[in-house]
Amino acid sequence: MTHGTHLPTGESETFTQPLPAPHPPLTLSQFPRGVGCASIAGQPAWGWRVWDSSRLLVQALIARARRASPDTPSLKGQTILELGAGAGLSALCAATLGANVCATDLPHAIGLLRHNARRNGGTATICGVAGCTQGGIERQVSDARRVVCPSGHTLNAAVAEHEDYICNVCGLADPLGGGIDEGQALRSCRLCDFDVCEACCEKVTADQQQAGKVEGGLQLPERELQLAEGEPSLPGWFSIQCEPELTKPELYAFDNGGSLILSKWDLLSEKKAAASEALEALRAHGVQTPPILVLAADVSCAESLVAPLAEALAALADVLPADAEAFLVHERRDETVDRKLSYELSRVGLIFHEEPIDELIREAALDDGAERRGDAKARLQLMRIPLKRH
């Protein structure tokens, strides 16, 4: 059964996802209650927690693995692309089951996904050369951590003009002790209304100096930010937020032969170009087989994202094999959004089939009690979408 370990506001909860034997369970860090950085800056905290839609999608992947290999469930040899991977539950499940996965999200959402890949045994490498392999390649990535706001903007030096400034890092845990006195130096993003005191900025540098480095310069904290045990010098979400920017796709290899490639994808960007970049990220890391499955969990959460999501799937349908399909889990929150999702898929020539989810809900432990079971079935919708335009 999946579960979370509750920690003080602002720190992580550990989410555990069992997998079929002989695979070990996945253990993910998430920040469902204390992502003050995002809320204060006016940014949604979508990428900082494990959502029920991802838990349902994992069960659909496990069922697929059991059909492919009943004795030892496996996705070995399959290539999968995920849009809006968030904390990484679905992508890590697929990679742990042996698939080659390209997990995409907004640039400022990659940090937690990267951390969870390491936490679950992924060995990191960087490549920008087509046909490269994990060993003996040139790694070109900055090892400098950045003091940034939740949107990824670099903070500017400033001076507190009055006594109403609060550090959005240490002030979350201790509002009385997190004040910034008039005349004190700070760093600020006025666009996102995000302020950080100089003491917290200095800790970012100190954490970097304590962190270990793997061959080639990729910055990987030996302490894994101490999110699983102990107390970090900075809140976990802020340490993750300040990790090096994803400048090119990163590969995380797993012992069972699966791999996870992290790449940027903004649904609001040019769809065909983004699709090409995702496929190139796979090829650049030696994965020549195009994706046969596209995943998306709760990416349709807002009305503004529905049309871009449908157009992204249509762009993928134009370049993926004829038998490729998408698993899309939609959480019903707004009837307007629900209707628009059906309309937009139809507009771009895609037909969806609603899949039964009763058994998946039970396996995902979303059925604790009849009331919650009914709630999950009413809220969640699993769509199977053949990526063939009509």
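First, a word on what this report is: a plain description of the structure on this page. (Residues numbered from 1 in each chain as written. Predicted model: local features only at pLDDT ≥ 70, side-chain atom pairs only at ≥ 80, totals over all residues. Heavy atoms only, no water.)

## Describing the nonpolar core
Across soluble globular proteins, you tend to see nonpolar side chains buried next to one another. Inclusion rule: Definition used in this section: a nonpolar core is a set of buried Ala, Val, Leu, Ile, Met, Phe, Trp, Tyr and Cys residues joined via side-chain atoms within 4.5 Å. A simple rule labels every residue: compare its accessible area, found with a 1.4 Å probe on the protein chains alone, to the largest value its type can have, and call it buried under 20%, exposed over 50%, or partly exposed in between. What counts as a helix is a DSSP run of H or I of at least four residues, what counts as a strand is a run of E of at least two, and both are numbered from the N terminus. Residue contacts are defined here by distance: any two heavy atoms, one from each residue, within 4.5 Å place the two residues in contact.
Membership of the largest hydrophobic core comes to 73 residues, with the highest contact counts inside it found for Ile-80, Val-169, Phe-194, Val-196, Phe-238 and Leu-260. For this core, the element with the most residues is helix H2 (residues 52-68), which contributes seven residues. Beyond its immediate stretch of four places on either side in the chain, Val-196 contacts Leu-155, Cys-167, Val-169, Ile-180, Leu-186, Arg-187, Cys-201 and Phe-238. With 37 residues, the next largest nonpolar core counts Trp-265, Ala-296, Val-306 and Ala-312 among its residues.

## With respect to the pairing of strand S11 (residues 194-197)
In summary, the side chains of a regular strand alternate between the two faces of the sheet. This is how it is decided: For two strands to count as paired, DSSP must find a minimum of two bridges between them.
With burial as the criterion, each face of S11 is covered, one bearing Phe-194 and Val-196 and the other bearing Asp-195 and Cys-197. Strand direction decides the pairing type here: strand S10 (residues 185-189) and S11, joined by four bridges, are antiparallel. Across the sheet, the residue bridging to Arg-187 is Val-196, located in S11. Here S10 hands over to S11 after four residues, with Asp-193 in that stretch at a positive phi of 55°.

## Looking at the packing of helix H8 (residues 271-284) against helix H9 (residues 303-317)
To keep things clear, this is the line we draw: Here an angle of 0 to 180 degrees is reported between the N-to-C directions of two axes, which are lines fitted to C-alpha atoms, with helices fitted over the stretch in contact. What sets the label is the angle itself: under 35 degrees gives roughly parallel, over 145 gives roughly antiparallel, 65 to 115 gives roughly perpendicular, and the rest give oblique. By definition, any crossing whose near helix is turned counterclockwise from its far helix by less than a right angle is left-handed, and any crossing with a clockwise turn is right-handed. Asp, Glu, Lys and Arg are counted as charged, while Ala, Val, Leu, Ile, Met, Phe, Trp, Tyr, Cys and Pro are counted as nonpolar; the rest, among them Gly, fall into the polar class.
Where H8 meets H9, the axes come as close as 9 Å, and the angle between the chain directions of the two elements is 55°. Judged on the interaxial angle alone, H9 and H8 are oblique. Read as a crossing pair, H8 and H9 show a hand that is right-handed. For the pair H8 and H9, contact is made by Lys-271, Lys-272 and Ala-275 and by Pro-308, Glu-311, Ala-312, Ala-315 and Leu-316, respectively. Considering only residue class, the contact of H8 with H9 consists of five nonpolar, no polar and three charged.

## Looking at helix H3 (residues 89-96)
The buried fraction of H3 is high, at eight of eight residues. Those residues of H3 that sit buried are Leu-89, Ser-90, Ala-91, Leu-92, Cys-93, Ala-94, Ala-95 and Thr-96.

## Here we look at H9
Because the α-helix completes a turn every 3.6 residues, residues three or four places apart line up on one side. Threshold: The length a helix should cover is 1.5 Å for every residue beyond the first.
A rise of 1.5 Å per residue sets the reference length of H9, with its 15 residues, at 21 Å; its end C-alpha atoms lie 22 Å apart and thus fit the reference within 8%. The element H9 is largely enclosed, with a buried count of 12 among its 15 residues. Taken together, the buried positions of H9 are Leu-305, Val-306, Ala-307, Pro-308, Leu-309, Ala-310, Ala-312, Leu-313, Ala-314, Ala-315, Leu-316 and Ala-317. For H9, the elements touching its buried residues are strand S4 (79-83), H8, strand S16 (293-297), strand S17 (325-331), helix H10 (335-347) and strand S19 (380-386).

## Thoughts on the pairing of strand S5 (residues 100-105)
What counts, and what does not: Looking down the strands as they point away from you, a crossover is right-handed if its path from the first strand over the helix to the second goes clockwise.
Summarising burial for S5: six of the six residues are buried, a large majority. Going residue by residue along S5, you find Asn-100, Cys-102 and Thr-104 tucked away on one face and Val-101, Ala-103 and Asp-105 tucked away on the opposite face as well. When S4 meets S5, the two strands line up parallel, connected through five bridges. Pairing of Glu-82 across the sheet is with Ala-103, part of S5. With H3 bridging S4 and the parallel S5, this β-α-β connection has right-handed handedness. Across six bridges, S5 lies against strand S15 (residues 259-264) in parallel orientation. Note on S15: the bridge partner recorded for Val-101 is Leu-260.

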